[in-house]
Amino acid sequence: MNEIAKIFETLEYGPAPEGAQPALDWLAAHGGRFGHFIDGKWTAPGEAFASTNPANGKVLAELSGGTAADVDKAVKAARAAFKGWAALSGFERGKYLYAIAREVQKHSRLFAVLESLDNGKPIRESRDVDIPLVARHFYHHAGWAQLRDREFPGLVPYGVCGQIIPWNFPLLMLSWKIAPALAAGNTVILKPAEFTSLTALLFAEICGRIGLPKGVVNIVTGEGETGEAIVNHPDIDKIAFTGSTEVGKAIRAATAGSGKGLSLELGGKSPYIVFEDADLDSAIEGLVDAIWFNQGQVCCAGSRLLVQESIEERFLAKLKKRMATLRVGDPLDKAVDIGALVAPVQVARVTELVKKGVAEGGTLYEPDIDVPGSGCFLRPMLISDVSPANTVATEEIFGPVLVEMSFRTPDEAVALANNTRYGLAATLWSENINLALDIAPRLKAGVVWINGTNQFDAAVGFGGYRESGFGREGGREGMAVYLKPAWEKALKPAGGQSPVDKLRTKPKTAAATSSHGESVEPRGRARNPLDTADRLDQTAKMYIGGKQARPDSGYSRLVHGRDGVLGEVGEGNRKDIRNAVEAARAALGWGTTAAHNRAQILYFLAENLEYRRKEFAERIRAQSGVTAAAAENEVAQTVERLFAFAAWADKYDGAVHNPPARAIAAAMVEPLGVLGIVAPPELPLLGSVALLAPAIAMGNTVVLIPSEPHPLSMTDFYQVLETSDVPSGVVNIVTGDAASLARTLAEHDGVDGLWCCATAEISAMVEKASVGNLKQTWTSRGLAFDLADTERFGGDYFLAKATQVKNVWIPYGA
Ligand code: NAI
């Protein structure tokens, strides 16, 4: 049989290698050694480390390990460039981004080959997915640069951004970071991952060639220490990180209290759900993309297969058959499905986790297919018979390993899918549109793909819930994380007198200083409890789960006002917070009640408060000593704020994106979940309601710590809550020492977000203590936020912070 007849007979693939020479020539043109790209120039190479080809272990180039001094130099260059770059018109900035996109397209083959050599990913992916998406990202953001002023009025760039990226999609992650930062008007220092810096260096050269002003993009190579130097540099305004959850948490802790903006895109353990009515062949092909794309080194990899029990056997048989046809080998071979993992350390890590999974009861299947004898190659793997507690079902493996479990009912599928600390992505397959659209909103993930998987587009935000991080990349939300209100950038420390102090008619005689820096009377705990035995108990109760609650400690604290003691409130402790969080979690159904209903309840709250405005004004006056007019004004403003957020409740909603794919992406605005709120000491009523109203308007449930010195307005307010049909558990009020209650809220894993008006020190403490479940925080950092300012706080400032966007990809069109 001649060769051609043989090929027809066997249908075996022959070798189809892409040439490596242009990439090797480019490396050689740089002498195989690179310094950093700072201020538009290459620095002399410093202490070197090697970048190797994981497919064969050969050294590709020597790179420089960035020192703190290198980082400082890059920050200075970026700072110097910022003013000029930010002052350019959107059109001018857009032209640069467009030029970058054009150059990436022009040199796409070089980029793709270099990426595959350096990272080990199949050329088919770098050529057809990574690099085209990079170009798309720069094109899309050229447009955002142009539209910034029109679409984001009043917002300005942060300034200098430090960006740290991982090795799984080296150039793509660079584009996700640099394109929005530049479009918004920031300048950047980017550190590529130590395993995969080469395409970032080629990108730097392109920036030089298109004449990008020097210092706008700086690339500093190096390992974790270089990343740390960026994170800790005092003159960086914002950090954006993609990588492991572990390092993400370290960065959260390191930036706490610094005032730096932060966005984190971290790990995942994303479910891939197959219902019994799915198109099984499509679901199998989807699965190949979900878990073996990029050797499974994908943050949103569909690594947890959940199959309905009725089709489990059939599906797994099909899957095993498909796995046996996958081709593992030379990344530069165009007919290869699975290339090399990025480095020996990752092969060892994956192998170790697989061993653990098997030792814990999993059954491993590996197809009998050829794998190159050397290099970082692994076969595709499937582990079934896995319990939800098995390490491989909970830990991100970041390799070509699929873990399988079955479920019986849709509810069980949702429960299993959400049984993870992560929340990056989820995939579901069903031919039943009702089922698919019922399940998608119930999945706790930033991206949900229906009957498809691993779809990305620059116009569609990408990012996680829970420990998968916060902030979005792509689309409008992605631009928003690189911008902030001009007024916020200009805020001064609160210092001096608060707005209430200024209005006070009589100085206080109090002794102690509260955590807010305001004067309060000593705490009740210091007193002999017997002292109050003969008094009528006037302790205002806390409010938990729709009921008045006595403090667990049994202690209370005195509330002093204009004319002496006004009453007592409970001294809340950890247990009270725990109860309140439990009640708030039980009330999370509030998030799925119709926005119209939430609006009605907010209007009703406003109306009922209005009826009692005199009484509330008098209470404000009695506590803080402001004039009668100021107290009445505070109540009137509170009523108005409730009206404002009633108005917003059914209007701050999502969008439908049209990515260049046969799908639409429905950007759903969802509440964070349980929100802890620590109100400012001033403005006893408005200070709390200004935060509470946007939170509940968006469907969050709340644990509120009212003003520490003046808590009685909010303990009165629960009577208004009760008469306004607010469901039990939606608003819970715990009184006491604001700082210690804030810490407990920050440390509680049942709290999804935390807003805290407090001093710089307490704000830093809260941010640091929130690391555990990476809750989203907003703190006032001792700055002069004036919540009475309707212009600033009556709109999307807090609405955006009360919500996160989930993008649901839905197949659509021909
Ligand atoms: P990593 O999180 O350590 O590395 C990501 C980037 O952070 C790299 O540029 C690295 O140099 C930098 N970095 C490391 N330590 C730092 C620090 N203390 N401060 C600032 N920057 C720092 O990820 P690694 O070690 O390469 O991979 C370990 C595991 O992390 C993987 O097996 C995988 O499970 C997970 N991972 C997840 C990614 C995702 O996108 N979800 C991406 C990369 C890794």
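Residues numbered from 1 in each chain as written. Predicted model: local features only at pLDDT ≥ 70, side-chain atom pairs only at ≥ 80, totals over all residues. Heavy atoms only, no water.

**Q** How should the overall build of the protein chain be read in this particular structure?
**A** For the protein chain, the helix and strand inventory stands at 29 helices and 34 strands. Going through the 814 residues of the protein chain one by one, you find that 60% of them count as buried. Across the protein chain, contacts joining residues at least 24 apart in sequence account for 75% of those joining residues at least 6 apart. Summed over all atoms, the accessible surface of the protein chain reaches about 30,700 Å², with 52% contributed by carbon and sulfur. The average position of the 83 basic charges and that of the 95 acidic charges among the side chains of the protein chain differ by 4 Å. (Helix = DSSP H or I, 4+ residues; strand = E, 2+ residues; numbered from the N terminus. Buried < 20%, exposed > 50% of the residue type's maximum accessible area, 1.4 Å probe, protein only. Contact = heavy atoms within 4.5 Å. Areas by Shrake-Rupley, 256 points an atom, 1.4 Å probe, with all protein chains shown as cover. Lys, Arg positive; Asp, Glu negative; His and termini not counted. Charge placed at Lys NZ, Arg CZ, Asp CG, Glu CD.)

**Q** Is there a simple way to think about the site of the ligand in this case?
**A** Taken together, 26 residues sit near the ligand, with I165, W167, K191, E194 and S244 positioned nearest. Measuring from an oxygen atom of the ligand, one finds a side-chain N or O atom of K191 at 2.8 Å. Here an oxygen atom of the ligand sits 2.9 Å away from a polar atom, N or O, in the side chain of Q346. When isolated, the ligand has an accessible area of 800 Å², and the protein chains bury 87% of it. Those elements giving two or more residues to the shell around the ligand turn out to be α9 (224-232), β9 (238-242), α10 (245-255) and α13 (344-359). With 3 residues, the single largest contributor to the shell around the ligand is α9. (Near = heavy atom within 4 Å. Polar contact = N/O pair within 3.5 Å; in protein donor to acceptor, adjacent residues only side chain to side chain.)

**Q** What is the right way to look at the side chain of N807 in this model?
**A** By secondary structure assignment, the location of N807 is in strand β34 (residues 803-811). Residue N807 is classed as buried on the basis of its relative accessible area of 0%. Those residues within four positions of N807 in sequence are excluded, and the remaining contacts are G446, V447, V448, V460, G461, E477, H657, A665, A666 and A667.

**Q** What am I meant to see in the pairing of strand β33 (residues 776-779) here?
**A** In regular strands, side chains alternate between the two faces of the sheet. Note that strand β32 (residues 753-756) and β33 share 4 bridges and pair parallel. Its bridge partner being in β33, C756 is matched across the sheet by T779. Remark: the β32/helix α27 (residues 760-769)/β33 crossover connection has right-handed handedness. (Pairing = 2+ DSSP bridges. Right-handed = clockwise from strand over helix to strand, strands pointing away.)

**Q** Hey, could you run me through the packing of aromatic side chains in this one?
**A** The description of an aromatic ring pair uses the distance of the two centres, along with the angle that the planes make with each other. As enumerated under the stated definition, the model contains 30 aromatic pairs in all. Judged by centre distance (5.3 Å) and plane angle (65°), the ring pair of F37 and W42 falls under edge-to-face. For F37, a relative accessible area of 5% gives the class buried. Of the residues examined, W42 reaches a relative accessible area of 31% and is grouped as partly exposed. Judged by centre distance (5.4 Å) and plane angle (80°), the ring pair of F793 and Y797 falls under edge-to-face. The structure contains a cluster of three or more aromatic residues connected by ring pairs, namely W487, W755, W778, F785, F793, Y797 and F798. (Phe/Tyr/Trp six-rings, centres within 6.5 Å; stacked < 30°, edge-to-face > 60°.)

**Q** How should I be thinking about α13 in this particular structure?
**A** Residue pairs three or four apart in sequence face the same way in an α-helix, which turns once every 3.6 residues. Between the first and last C-alpha of α13 there are 22 Å, a value that for 16 residues agrees with the 22 Å anticipated at 1.5 Å per step. Taken as a whole, α13 has its buried residues at Q346, V347, V350, L353, V354 and G357. Across the axial projection of α13, the buried residues extend over an arc of 135°, all falling on one side. What points out from α13, more than 90 degrees from its buried face, is the exposed set P344, K355 and A359. Where α13 is buried, its residues meet β13 (363-365), β14 (381-384), α14 (391-394) and β15 (401-407). (Expected span 1.5 Å × (residues − 1). Arc of directions from axis to C-beta.)

**Q** Quick question: what am I supposed to make of unusual backbone geometry here?
**A** The general pattern is negative phi for most residues beyond glycine and trans for most peptide bonds. Despite not being glycine, D39 shows a phi value in the positive range, around 55°. With respect to the secondary-structure elements, D39 resides in the loop between β1 (37-38) and β2 (41-42).

**Q** Would you take a moment to explain the state of the cysteines for this structure?
**A** Two cysteines joined by a covalent bond between their sulfur atoms form a disulfide. This model, assessed by the stated rule, comprises 0 disulfides. C300 takes part in no disulfide bond, and the closest cysteine sulfur, belonging to C299, lies 4.7 Å away. Its relative accessible area of 3% is what places C300 among the buried residues. (Disulfide = S-S within 2.5 Å.)

**Q** So what exactly am I meant to see when it comes to the pairing of strand β6 (residues 160-164) here?
**A** Of all 5 residues in β6, 5 are buried, a share of seventy percent or more. On β6, burial covers both faces: V160, G162 and I164 on one face and C161 and Q163 on the other are all buried. Relative to strand β7 (residues 187-191), β6 runs parallel, the two sharing 5 bridges. Counted as the bridge partner of G162 is I189 from β7.

**Q** Explanation requested: the packing of helix α6 (residues 123-151) against helix α7 (residues 170-184) in the structure shown.
**A** A packed helix pair is summarised by two numbers, namely the angle formed by the two axes and the spacing between the axes. Where α6 contacts α7, the axes come no closer than 8 Å and their chain directions differ by 10°. Relative to α7, the element α6 is oriented roughly parallel. On the side of α6, the interface is formed by D130, I131, L133, V134, H137, F138, H141, W144, A145 and R148, while α7 contributes L171, L172, L174, S175, W176, I178, A179, P180, A183 and A184. The residue makeup of the contact of α6 with α7, split by class, is 15 nonpolar, 3 polar and 2 charged. (Axes fitted to C-alpha atoms, helices over the stretch in contact; angles between N-to-C directions. Parallel < 35°, antiparallel > 145°, perpendicular 65-115°, else oblique. Nonpolar A, V, L, I, M, F, W, Y, C, P; charged D, E, K, R; others polar.)

Note that all results are geometric; they support no functional claim without further evidence.
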